[in-house]
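Structure at a glance
The lines below spell out each chain.
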Amino acid sequence: MYKLFFALVFTRMDPEKAHHLAFRWIRLASRVPVLRTFAAAVLAPRYKELRTEALGLRMHGPFGLAAGFDKNARAVDGMAMVGFDHVEIGTVTAEPQPGNPKKRLFRLVEDRALINRMGFNNEGSAAVAERLAARREIFRTTLGVNIGKTKAVPEEEAVADYVTSTERLARHADYLVVNVSSPNTPGLRNLQATESLRPLLTAVREAADRTVTGRRVPLLVKIAPDLADEDVDAVADLALELGLDGIIATNTTIAREGLGLSSPADVVAETGGLSGAPVKTRSLEVLRRLYARVGDRITLVGVGGIENAEDAWQRILAGATLVQGYSAFVYEGPFYARSIHKGLAARLAASPYATLAEAVGAETRKAATA
């Protein structure tokens with residue numbers, strides 16, 4: 001039914017307006033006690049065998065919502081209600097900013113993909129911190145906070161900009177993500193180079209430790225699929241050197257060549273980050289390479305083109321302890337997370353592994369010894 005509704009209604013609407021409409025419905029449903037209880041029972045059934053421990057945290061399962069859907073932490077409980085085991089908000093910048101001019105979000109329906117050049121539109125870390133401080137949890141979920149650079153801040157002042165957001169947001173986060181991989185903020189991806197990334201991650205780590213007492217906030221970095229293999233290796237080595245808690249692989253891609261895209265040429269030609277099914281192959285390659293480099297020493301999060309349970313299962317076998325989705329949620333609708341969970345439980349039961357933890361990286365390890 002959702003796919004019929006999507007075809008008849010959402011495809012006729014501007015993608016950003018459709019996003020805001022769906023987002024509003026989820027928020028409203030989560031505020032109505034009887035409705036939210038019913039919705040969670042239908043959309044978020046729990047499977048004991050999928051319970052996951054990662055980053056020192058216990059989660060209902062491994063499948064979460066990637067950053068970008070809830071930029072301002074307005075629907076954390078709503079996203080938990082529809083079945084996501086963890087919710088990553090953001091990207092949040094130190095200063096509020098409107099993002100890039102509209103139109104800035106495009107559907108590639110034939111390719112089950114999106115192109116966005118949103119430009120970190122958000123209310124700023126002070127406003128988001130205030131909202132999180134006032135939040136009263138309805139559904140227990142793990143909250144990730146993804147932070148990025150304010151567009152107007154020059155590259156040489158990026159560290160201080162990230163530190164400002166860290167000082168405001170770290171205390172509210174179950175884990176913190178440094179986003180240096182969006183293609184829509186000029187100069188941001190330059191920060192992925194290890195000579196820039198080392199001082200940035202060190203400063204954010206120190207700011208989080210200084211701000212939050214009584215616990216250690218796990219710190220992750222999110223990288224692009226467009227990194228050369230040797231740069232992926234360099235980030236992996238740096239993560240180990242700095243004692244980073246995890247790496248998220250991957251963000252959107254600026255690539256178009258070689259992806260076999262079949263959507264109209266004028267849409268494909270739009271600038272911005274491409275997400276969804278076409279990113280699947282490269283994101284999986286990057287994940288495998290990272291796991292071969294770091295093994296079980298840090299947590300890997302697989303994201304990019306996860307449309308169904310088989311995609312999620314392949315990320316786990318490749319080395320991901322956690323997986324995330326976003327673009328497929330647009331196409332699959334409210335039963336997306338439920339379907340992923342059901343399928344993962346079935347695959348685990350049919351596998352030689354007693355737990356998901358045993359399955360993490362199994363195929364990558366097997367390939368390395370073959």
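As a starting point, this report considers the structure included with it.

The rules we used
- Residues numbered from 1 in each chain as written.
- Predicted model: local features only at pLDDT ≥ 70, side-chain atom pairs only at ≥ 80, totals over all residues.
- Heavy atoms only, no water.
- Helix = DSSP H or I, 4+ residues; strand = E, 2+ residues; numbered from the N terminus.
- Expected span 1.5 Å × (residues − 1).
- Contact = heavy atoms within 4.5 Å.
- Axes fitted to C-alpha atoms, helices over the stretch in contact; angles between N-to-C directions.
- Parallel < 35°, antiparallel > 145°, perpendicular 65-115°, else oblique.
- Left-handed = near helix turned anticlockwise from the far one by under 90°.
- Buried < 20%, exposed > 50% of the residue type's maximum accessible area, 1.4 Å probe, protein only.
- Pairing = 2+ DSSP bridges.
- Salt bridge = Lys/Arg side-chain N within 4 Å of Asp/Glu carboxyl O.

**What about helix α13 (residues 336–350)?**
Compared with the 21 Å implied by 1.5 Å per residue over 15 residues, the 21 Å span of α13 between its first and last C-alpha is a close match. Of the surrounding elements, those touching the buried residues of α13 are β3 (63–65), α11 (309–318), β13 (322–325), α12 (327–332) and α14 (356–359).

**Some words on the packing of helix α7 (residues 194–211) against helix α8 (residues 229–242)**
At a closest axis distance of 11 Å, the pairing of α7 and α8 adopts a crossing angle of 30°. In terms of their interaxial angle, α7 and α8 are classed as roughly parallel. Two packed elements cross with a definite hand, and for α7 against α8 that hand is right-handed. Contacts between α7 and α8 involve Thr194, Leu197, Arg198, Leu201 and Thr202 from the former and Ala234, Val235, Leu238, Glu241 and Leu242 from the latter.

**Comments concerning the pairing of strand β12 (residues 299–303)**
Within β12, five of the five residues are buried, which leaves it mostly tucked inside the rest of the structure. Every second residue of β12 is oriented toward a common face, with Thr299, Val301 and Val303 on one face and Leu300 and Gly302 on the other, all of them buried. Relative to β12, strand β10 (residues 246–249) is paired through four bridges, and the arrangement is parallel. Its bridge partner lying in β12, Ile248 is registered against Val301. In terms of strand pairing, β12 meets β13 through three bridges, oriented parallel. Bridging across to β13, Gly302 finds its partner in Val323.

**Description of the pattern of salt bridges**
Applying the stated criterion to the full structure yields 26 salt bridges. With its nearest N and O atoms 3.5 Å apart, the salt bridge here joins Glu53 to Arg58. Owing to a relative accessible area of 63%, Arg58 belongs among the exposed residues under this scheme. Asp226 serves as the salt-bridge partner of Arg189, at 2.6 Å between the closest nitrogen and oxygen. Note that Arg189 is positioned in the loop between β8 (175–179) and α7 and Asp226 in the loop between β9 (219–223) and α8, a separation of 37 residues in sequence.

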